[in-house]
Amino acid sequence: MNWLRHIIYVLLMLPVLLLSLLTVVLVVFVNLYLLLIKGFVGLKDALIKIKGSLSKWMRSKPGIRVFYGQLRKYNAKFRGVPDTYATIVSGRQNVLDADNWLSTVTLAQLNDTIIDVSIVTYNSAKHLNQLIESLIHQDYPLKNLHLIFVDNNSSDNTVELLNDIKATYQDEFYGVTLQLMDQNIGFGGGHNVSFMHATGKFFLITNPDLEFEKNAIVNAVSCASVDDLDKVASWEFRQKPYEHPKIYDPITLKTFWSSGACLLVNPKAFREVKGYDKNIFLYGEDVELSYRFIDRGWEIKYCPYAVVWHYTYEEVEEFKPRQFAGSILANGLLKLRYGSLSEGVASVVQYPALYLREAKQSTNTELRLRLVFKAYLSYLRKSLVFLLTRKKK
């Protein structure tokens, strides 16, 4: 009866999405009025007043108050994880000795294990030298690393540097492949193209703005070598200095999502789920891939001893517009595909709520509001696709 439940879900969500379209029209007219009549300062003050009025009205309606409370409850549940998972934040005391990982893989296994290293670049020139230097100094045999670069139509000197890398290091590695795109197809799209050139036992997805610790790849392969490749889809590297607080089982290493910044992937699993979703351009595509792996019966794991230094932020609490916009868009779309009905409704409501919240920000206010509104439009445009591709389980 799963198909019937999904049909009912879609039918119930469609009116909500239509209502949200009316909300967008209303927001446009309100913005035009406030910007033309009162100016931007007036817009900010007016939005705060509107939020206060809405909150007061909701508190006066018991039915709406209960409904909103349930939405918050289920939304919190969606962001949580099963109680069987142990919560461990990377960087704290670990359960095992890192040296034990090296003993699980033999030299013969290393010499027999080709890894395709997938690197998608876009104006990444300033990061390439440190990335290549860290790869050259790996404990892993260089002749078993196949570097695959996909450039998303960079406008700086990235392509020039990539050609130099290919000419210089072609013979030191298993090979260096360079694919130049005539447009930016996004992070996931770039790795999907890279996978077309992959032939190795593992597919290593990595950002260009990071450095590998000397034993990172060896430790990741050690982690993967003890697992059943018919069951496990991926093994995530640990990131420093800004780490994702990672929830994982300290014994099995299973987790419920993996960052795509540095991820060792089982090609069989990647091929089965058909790679990254092309509908997510940047940010959130790694979470969606994780959920799809799990939905198809695969396990995903976290390897805390395979360490990379990811220079994603130049300063603490840095505001990154593309990350902000991409993350809030993916958040809504993933709730449509993997969430319950209440979470699907919450995904529609969250954008007007975010709009009101960001109006109170003291910095980048105008930019934040524009990004939220743009994300909302993208959400509405892509919502039907995610509704019609609901999770299988």
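Just so it is clear, the model here is predicted, and its values are computed rather than measured.

**So, the overall build of the protein**
Regarding its fold elements, the protein presents 14 helices and nine strands. Out of the 393 residues in the protein, the part that is buried amounts to 49%. For the protein, the proportion of contacts with a sequence separation of at least 24, taken over those separated by at least 6, is 82%. With an accessible surface of roughly 19700 Å², the protein has 58% of that area assigned to carbon and sulfur atoms.

**Description of the packing of aromatic side chains**
Both the distance between ring centres and the angle between the ring planes are used here to describe each pair of aromatic rings. Within this structure, the stated rule accounts for 13 aromatic pairs. Taking 6.3 Å as the distance between ring centres and 75 degrees as the angle between the ring planes, the aromatic pair formed by Tyr-169 and Phe-173 counts as edge-to-face. Relative accessible area serves as the criterion here: at 16%, Tyr-169 is assigned to the buried category. Centre to centre, the rings of Phe-195 and Phe-203 are 5.0 Å apart; their planes meet at 80 degrees, and the pair counts as edge-to-face. No difference in accessibility class separates Phe-195 from Phe-203, as the two residues are buried. An aromatic cluster of three or more residues is present, and its members are Phe-187, Phe-195, Phe-203, Phe-270 and Tyr-276. Looking at Lys-246, its charged tip hangs above the ring of Trp-257, at a distance of 4.0 Å from the centre. Between Arg-368 and the ring centre of Phe-324, over which it is positioned, the NZ or CZ distance is 5.7 Å.

**A closer look at the environment of Glu-211**
With respect to the element layout, Glu-211 can be found in strand 5 (residues 210-212). In this structure the C-alpha to C-alpha distance between Glu-211 and Val-308, which are 97 residues apart in sequence, comes to 5.5 Å. A distance of 2.7 Å separates polar atoms of two side chains, one belonging to Glu-211 and the other to Tyr-311.

**Describing the side chain of Asp-286**
With respect to the element layout, Asp-286 can be found in helix 11 (residues 285-295). Buried and unpaired, Asp-286 has Lys-246 as its nearest opposite-charge partner, separated by 8.2 Å. In terms of polar contacts, Asp-286 uses its side chain to reach the backbone amide nitrogen of Gly-260, at 3.0 Å. For Asp-286, the contacting residues outside a window of four places in its chain are Trp-257, Ser-258, Ser-259, Gly-260 and Tyr-276.

**Overview of the nonpolar core**
Soluble globular proteins tend to pack their nonpolar side chains together in the buried interior. Core analysis: the biggest nonpolar cluster contains 42 residues, and Ile-115, Phe-149, Leu-204, Phe-212, Ile-217, Phe-237 and Leu-264 have the highest contact counts within it. Counting residues per element, this core draws most heavily on helix 9 (residues 216-225), at seven residues. If you look at the next biggest cluster of nonpolar residues, it comprises 27 residues, including Phe-324, Ile-328, Leu-329 and Leu-371.

**Here's the deal with helix 11**
Judged by how many residues are buried, helix 11 sits mostly within the fold: 10 of 11 residues are covered. Those residues of helix 11 that sit buried are Glu-285, Asp-286, Val-287, Glu-288, Leu-289, Ser-290, Tyr-291, Arg-292, Phe-293 and Asp-295. Gly-297 sits one or two positions beyond helix 11 and adopts a positive phi of about 95 degrees.

**Remarks on the pairing of strand 3 (residues 175-180)**
In summary, the side chains of a regular strand alternate between the two faces of the sheet. As paired strands, strand 2 (residues 145-151) and strand 3 are joined by six bridges and run parallel to one another. Pairing of Leu-147 across the sheet is with Val-176, part of strand 3. The parallel pair strand 2 and strand 3 is bridged by helix 7 (residues 158-169), and the resulting crossover is right-handed.

**Topic: the pattern of salt bridges**
What the rule picks out here adds up to eight salt bridges. Asp-230 is the partner of Lys-268 in a salt bridge, and the nearest nitrogen-oxygen pair spans 2.6 Å. Of the two residues, Lys-268 sits in helix 10 (residues 267-272) while Asp-230 sits in the loop between helix 9 and strand 6 (232-240), which places them 38 residues apart along the sequence. Residue Lys-268 is classed as partly exposed on the basis of its relative accessible area of 42%.

**Some points on helix 12 (residues 321-338)**
Taking 1.5 Å per residue, 18 residues should reach 26 Å; helix 12 reaches 26 Å between its end C-alpha atoms and fits that length. Of all 18 residues that make up helix 12, 14 are buried, and the element is covered over most of its length.

**Remarks on the packing of helix 12 against helix 13 (residues 341-358)**
Following both chains from N to C, one finds helix 12 and helix 13 inclined at 155 degrees, their axes separated by 7 Å at the closest point. By the angle class used here, helix 12 and helix 13 are roughly antiparallel. Judged by the sense of rotation from one axis to the other, the crossing of helix 12 with helix 13 is right-handed. Contacts between helix 12 and helix 13 pair Phe-324, Ile-328, Leu-329, Asn-331, Gly-332, Lys-335 and Leu-336 from the former with Glu-343, Gly-344, Ser-347, Gln-350, Tyr-351, Leu-354 and Glu-358 from the latter.

**Brief notes about the side chain of Thr-206**
Topologically, Thr-206 is positioned in strand 4 (residues 202-206). If near-sequence neighbours (up to four positions away) are discounted, Thr-206 is found in contact with Val-117, Ser-118, Ile-119, Val-120, His-191, Phe-212, Ala-261 and Cys-262.

**Some details on the pairing of strand 4**
In terms of burial, strand 4 is a largely internal element, five of the five residues being buried. Residues Phe-202, Leu-204 and Thr-206 of strand 4 are buried on one face, and the alternating residues Phe-203 and Ile-205, pointing to the opposite face, are buried as well. Relative to strand 4, strand 1 (residues 115-121) is paired through five bridges, and the arrangement is parallel. From the neighbouring strand, Ile-119 faces strand 4, where its bridge partner is Thr-206.

**Examining the environment of Ile-136**
Examined against the element boundaries, Ile-136 turns out to sit in helix 6 (residues 125-136). With 33 residues separating them along the chain, Ile-136 and Tyr-169 place their C-alpha atoms 9.2 Å apart. When near neighbours in sequence (up to four residues on either side) are disregarded, Ile-136 contacts Leu-142, Tyr-169 and Phe-173.

About the cut-offs
Residues numbered from 1 in each chain as written. Predicted model: local features only at pLDDT ≥ 70, side-chain atom pairs only at ≥ 80, totals over all residues. Heavy atoms only, no water. Helix = DSSP H or I, 4+ residues; strand = E, 2+ residues; numbered from the N terminus. Buried < 20%, exposed > 50% of the residue type's maximum accessible area, 1.4 Å probe, protein only. Contact = heavy atoms within 4.5 Å. Areas by Shrake-Rupley, 256 points an atom, 1.4 Å probe, with all protein chains shown as cover. Phe/Tyr/Trp six-rings, centres within 6.5 Å; stacked < 30°, edge-to-face > 60°. Lys NZ or Arg CZ within 6 Å of the ring centre and 35° of its normal. Polar contact = N/O pair within 3.5 Å; in protein donor to acceptor, adjacent residues only side chain to side chain. Lys, Arg positive; Asp, Glu negative; His and termini not counted. Salt bridge = Lys/Arg side-chain N within 4 Å of Asp/Glu carboxyl O. Core = buried A, V, L, I, M, F, W, Y, C linked by side-chain atoms within 4.5 Å. Pairing = 2+ DSSP bridges. Right-handed = clockwise from strand over helix to strand, strands pointing away. Expected span 1.5 Å × (residues − 1). Axes fitted to C-alpha atoms, helices over the stretch in contact; angles between N-to-C directions. Parallel < 35°, antiparallel > 145°, perpendicular 65-115°, else oblique. Left-handed = near helix turned anticlockwise from the far one by under 90°.

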